[in-house]
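# Remarks on the overall topology
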Amino acid sequence: MGKNVGIVIVSHSPDVAKGAADMVRQMVGTNVPLAWCGGNPAGGLGTSVEAIVKALELAWSDAGVVIMVDMGGAETNSEMAIEMMPERRRPKIIVCNGPIVEGSVMAATESSSGATLDRVRRAAEELYSR
Amino acid sequence: MTSGRIKVGSVLRARSQVVLTHEGGLHARPAIKLTQLAKRFDSAVWIALAERGPWIDAKSIARVMAMKTPHMATLYFAAEGEDADEATSALARLVESDFADGGDEGG
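This one's a predicted model, so the numbers in the text were calculated from it and none came from an experiment. (Residues numbered from 1 in each chain as written. Chains lettered and ligands numbered in written order. Predicted model: local features only at pLDDT ≥ 70, side-chain atom pairs only at ≥ 80, totals over all residues. Heavy atoms only, no water.)

Let's shift gears to the overall build of chain A. Along the backbone of chain A there are five helices and four strands. Going residue by residue from the N terminus, the α and β elements of chain A occur as β-α-β-α-β-α-β-α-α. Whereas a compact globule of 130 residues would reach a radius of gyration of roughly 14 Å, chain A reaches 13 Å, a difference of no more than 12%. Seen along its three principal axes, the alpha-carbon backbone of chain A occupies a region of about 40 × 30 × 30 Å. Taken over 130 residues, chain A has a buried fraction of 54%. In chain A, the share of contacts with a sequence separation of at least 24, taken over all contacts with a separation of at least 6, comes to 77%. Surface accessibility of chain A: about 5,900 Å² in total, with carbon and sulfur atoms responsible for 53%. (Helix = DSSP H or I, 4+ residues; strand = E, 2+ residues; numbered from the N terminus. Rg over C-alpha atoms; globule rule 2.2 N^0.38 Å. Buried < 20%, exposed > 50% of the residue type's maximum accessible area, 1.4 Å probe, protein only. Contact = heavy atoms within 4.5 Å. Areas by Shrake-Rupley, 256 points an atom, 1.4 Å probe, with all protein chains shown as cover.)

Under the defined criterion, the tally for this structure stands at zero aromatic pairs over all chains. The side chain of Arg13 of chain B reaches across the aromatic face of Trp46 of chain B, ending 4.5 Å from its centre. (Phe/Tyr/Trp six-rings, centres within 6.5 Å; stacked < 30°, edge-to-face > 60°. Lys NZ or Arg CZ within 6 Å of the ring centre and 35° of its normal.)

Residue and element names in this part refer to chain B. With 13 residues, helix H3 (residues 84-96) should cover 18 Å at 1.5 Å per step; its first-to-last C-alpha distance of 18 Å lies within 8% of that length. For H3, the full list of buried residues reads Ala84, Ala87, Thr88, Ser89, Ala90, Leu91, Ala92, Leu94 and Val95. Residue Asp98 follows H3 closely and has a positive phi angle near 60 degrees. (Expected span 1.5 Å × (residues − 1).)

This part covers the nonpolar core. Counting residues in each nonpolar core, the largest one holds 51 residues, and the members touching the most others are Ile7 and Ile9 of chain A together with Leu34 and Ile47 of chain B. Among the elements that make up this core, the one with the highest residue count is H3 of chain B (seven residues). In this structure Ile7 of chain A touches Val32, Pro33, Leu34, Ala35, Ala59, Val65, Val66, Met68, Ala107, Ala108 and Val120 of chain A, once residues within four positions along its chain are discounted. Residues Cys37, Val49, Ala59 and Ile82 of chain A belong to the second largest nonpolar core, which totals 20 residues. (Core = buried A, V, L, I, M, F, W, Y, C linked by side-chain atoms within 4.5 Å.)

Turning our eyes to something else, we now look at the packing of helix H2 (residues 49-58) of chain A against helix H3 (residues 73-83) of chain A. All names here are of chain A. Running from amino to carboxyl end, H2 crosses H3 at an angle of 60 degrees, the nearest separation of the two axes being 9 Å. Taken together, the axis directions place H2 and H3 in an arrangement best described as oblique. When the axes of H2 and H3 are compared, the crossing they make is right-handed. Listed contacts from H3 to Val49, Ile52, Val53 and Leu56 of H2 are Ala74, Asn77, Ser78, Met80, Ala81 and Ile82. The class makeup of the residues in the contact of H2 with H3 is eight nonpolar, two polar and no charged. (Axes fitted to C-alpha atoms, helices over the stretch in contact; angles between N-to-C directions. Parallel < 35°, antiparallel > 145°, perpendicular 65-115°, else oblique. Left-handed = near helix turned anticlockwise from the far one by under 90°. Nonpolar A, V, L, I, M, F, W, Y, C, P; charged D, E, K, R; others polar.)

Let us now look at the pattern of salt bridges. Residues and elements named next belong to chain A. Enumeration over the complete set of coordinates arrives at eleven salt bridges over all chains. With a shortest N-O distance of 2.9 Å, Glu125 and Arg121 are connected by a salt bridge. Here Glu125 pairs with Arg121, and both are found in helix H5 (residues 117-125), just four residues apart, close to one helical turn. Classification of Arg121 as partly exposed rests on a relative accessible area of 22%. A cluster of three or more residues bridged by salt bridges with shared partners is formed by Asp118, Arg121, Arg122 and Glu125. (Salt bridge = Lys/Arg side-chain N within 4 Å of Asp/Glu carboxyl O.)

Let us look at the packing of helix H4 (residues 100-112) of chain A against H5 of chain A. All names here are of chain A. H5 packs onto H4 with a crossing angle of 150 degrees between their chain directions and a minimal axis gap of 7 Å. By the angle between their axes, H4 is roughly antiparallel relative to H5. Crossing of H4 against H5: the hand is right-handed. Seen from H4, the contacting residues are Gly103, Met106, Ala107, Glu110 and Ser111; seen from H5, they are Arg119, Val120, Ala123 and Ala124. Its residues assigned to classes, the contact of H4 with H5 shows five nonpolar, two polar and two charged.

So, in structure tokens, the structure goes:
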């Protein structure tokens, strides 16, 4: 793996993140690097910078990674997680402005055909940009 | 399913049409398979619900899903480019086969 753009799904709820990831796997297939995280370290709703960093490493692709988030802290923590990644990787990681479920499926569909990072971002954001 | 070519301006455009027999219409999963197949071709590929259009980019998953194509609708495909004929007939075959093939691994 490493050719197609990776997808990281970050939700306040682990159930939402896992559910969206299941949809990607079952609808799009397995040729897209994919990782998800959700919930805070205490087991409640929230997001964790450390968990996002781990997910970024799991879904890493030389073509880049898009992060799909649900709201608020998911976005700011994702930006902090990007700052903790090796400097050369940071420009290849994008937090997308799209619906977490549909955007993840659409981004993965685009990625599955070998699209560039920018095209994958556009697919993820298409529903919010009309 | 039928396929052929028509002339649009000075360009010969490959065409095909097929009835969508898939139960439930062109919902998420078949729409994804259709888009993934369309993207394998270098040609520009369009899809429409009527012969006169509007023609929609068949490589855009958001736009193909937004068509909300119902069960038994006739789908029209058009393509322009080197592999246009292959693209339009492959897409019609995918629909005709009830989306049995043409998906990616694990899809």
